[in-house]
Amino acid sequence: QVQLVESGGGLVQAGGSLRLSCAASGRTFNTYTMAWFRQAPGKEREFAASISWRGKNTYYADSVKGRFTISRDNAKNTVYLQMSSLKSEDAAVYYCAARRFLAATTMTAGDYDTWGQGTQVTVSS
């Protein structure tokens, strides 16, 4: 099972951009579907984006479609979330999630069995 460590969070102005990274341990990273979820204070954790094992297929929540891009580099065991045109409602703790051989269309947090510790994204208006 992989272990996940997120980085790249921080404070950004509304309209700005930020790139999150999630580094995974282990030699089977290329068999894991990877996803980003986020959780704002007082709200449930929600799906943001997912990517298939080889990176061929990506899926997005409607709220981030066209503004966020998920990608992965299997040679580096890393998945990224490029966030652009950030809005105040994007502010949250962002979590990287993984599960081996899971369908990348899965958008339910409970279906992912490995999580990072989260990274805070704050958007100032």
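The following paragraphs examine the structure supplied in this document. (Residues numbered from 1 in each chain as written. Predicted model: local features only at pLDDT ≥ 70, side-chain atom pairs only at ≥ 80, totals over all residues. Heavy atoms only, no water.)

Let's talk about the pairing of strand β11 (residues 119-124)
Turning to step 1, where the next piece is worked out: With burial as the criterion, only one face of β11 is covered, namely that bearing Thr 119, Val 121 and Val 123; the residues Gln 120, Thr 122 and Ser 124 on the opposite face remain uncovered.
Turning to step 2, where the next piece is worked out: Direction of pairing for strand β2 (residues 10-13) relative to β11: parallel, over a ladder of four bridges. Bridging across to β11, Gln 13 finds its partner in Ser 124.
Turning to step 3, where the next piece is worked out: Looking at chain direction, strand β9 (residues 92-100) and β11 are connected through three bridges and run antiparallel. When the bridges of β11 are listed, Tyr 94 appears paired with Thr 119. (Buried < 20%, exposed > 50% of the residue type's maximum accessible area, 1.4 Å probe, protein only. Helix = DSSP H or I, 4+ residues; strand = E, 2+ residues; numbered from the N terminus. Pairing = 2+ DSSP bridges.)

Comments concerning the side chain of Glu 6
Turning to step 1, where the next piece is worked out: The residue Glu 6 is located in strand β1 (residues 4-7) in this model.
Turning to step 2, where the next piece is worked out: One buried charged side chain, Glu 6, makes no salt bridge at all; its nearest oppositely charged neighbour is Arg 45, positioned 7.5 Å away.
Turning to step 3, where the next piece is worked out: From its side chain, Glu 6 meets the backbone nitrogen of Cys 96 in a polar contact 2.7 Å long.
Turning to step 4, where the next piece is worked out: A polar atom in the side chain of Glu 6 sits 2.9 Å from the backbone nitrogen of Gly 118. (Lys, Arg positive; Asp, Glu negative; His and termini not counted. Salt bridge = Lys/Arg side-chain N within 4 Å of Asp/Glu carboxyl O. Polar contact = N/O pair within 3.5 Å; in protein donor to acceptor, adjacent residues only side chain to side chain.)

A short note on the sheet that holds β1
Turning to step 1, where the next piece is worked out: Across the sheet, four strands lie side by side as β1-β3-β8-β7; this open sheet has antiparallel pairing. The open sheet has two edge strands, β1 and β7 (68-73), and neither has a second partner. Ignoring strand direction, the axes of neighbouring strands in this sheet form an average angle of 15°.
Turning to step 2, where the next piece is worked out: Relative to strand β3 (residues 18-24), β1 runs antiparallel, the two being bridged by four bridges. (Axes fitted to C-alpha atoms, helices over the stretch in contact; angles between N-to-C directions.)

Some remarks on the pattern of salt bridges
Turning to step 1, where the next piece is worked out: Per the counting criterion, the structure on display carries five salt bridges.
Turning to step 2, where the next piece is worked out: Between Asp 62 and Lys 65 there is a salt bridge; the shortest N-O distance is 3.2 Å.
Turning to step 3, where the next piece is worked out: A salt bridge links Arg 67 to Asp 90, with the shortest nitrogen-to-oxygen separation between them at 2.7 Å. Taken together, the residues span a long stretch of sequence, with Arg 67 in the loop between β6 (58-60) and β7 and Asp 90 in the loop between β8 (78-83) and β9 at a distance of 23 residues. Taken as a pair, Arg 67 and Asp 90 share a single burial class, namely buried.
Turning to step 4, where the next piece is worked out: Sharing partners across several salt bridges, the network here consists of Arg 38, Glu 46, Arg 67 and Asp 90.

Overview of the state of the cysteines
Turning to step 1, where the next piece is worked out: For the structure shown, the criterion picks out one disulfide.
Turning to step 2, where the next piece is worked out: The disulfide partner of Cys 22 is Cys 96, and the S-S distance across this bridge is 2.1 Å. Linking Cys 22 and Cys 96, the disulfide has an S-S dihedral of approximately -80° and is accordingly described as left-handed. On the criterion of sequence distance, the pair formed by Cys 22 in strand β3 and Cys 96 in strand β9 is long-range, its members being 74 residues apart. Grouping residues by exposure puts Cys 22 and Cys 96 together as buried. (Disulfide = S-S within 2.5 Å.)

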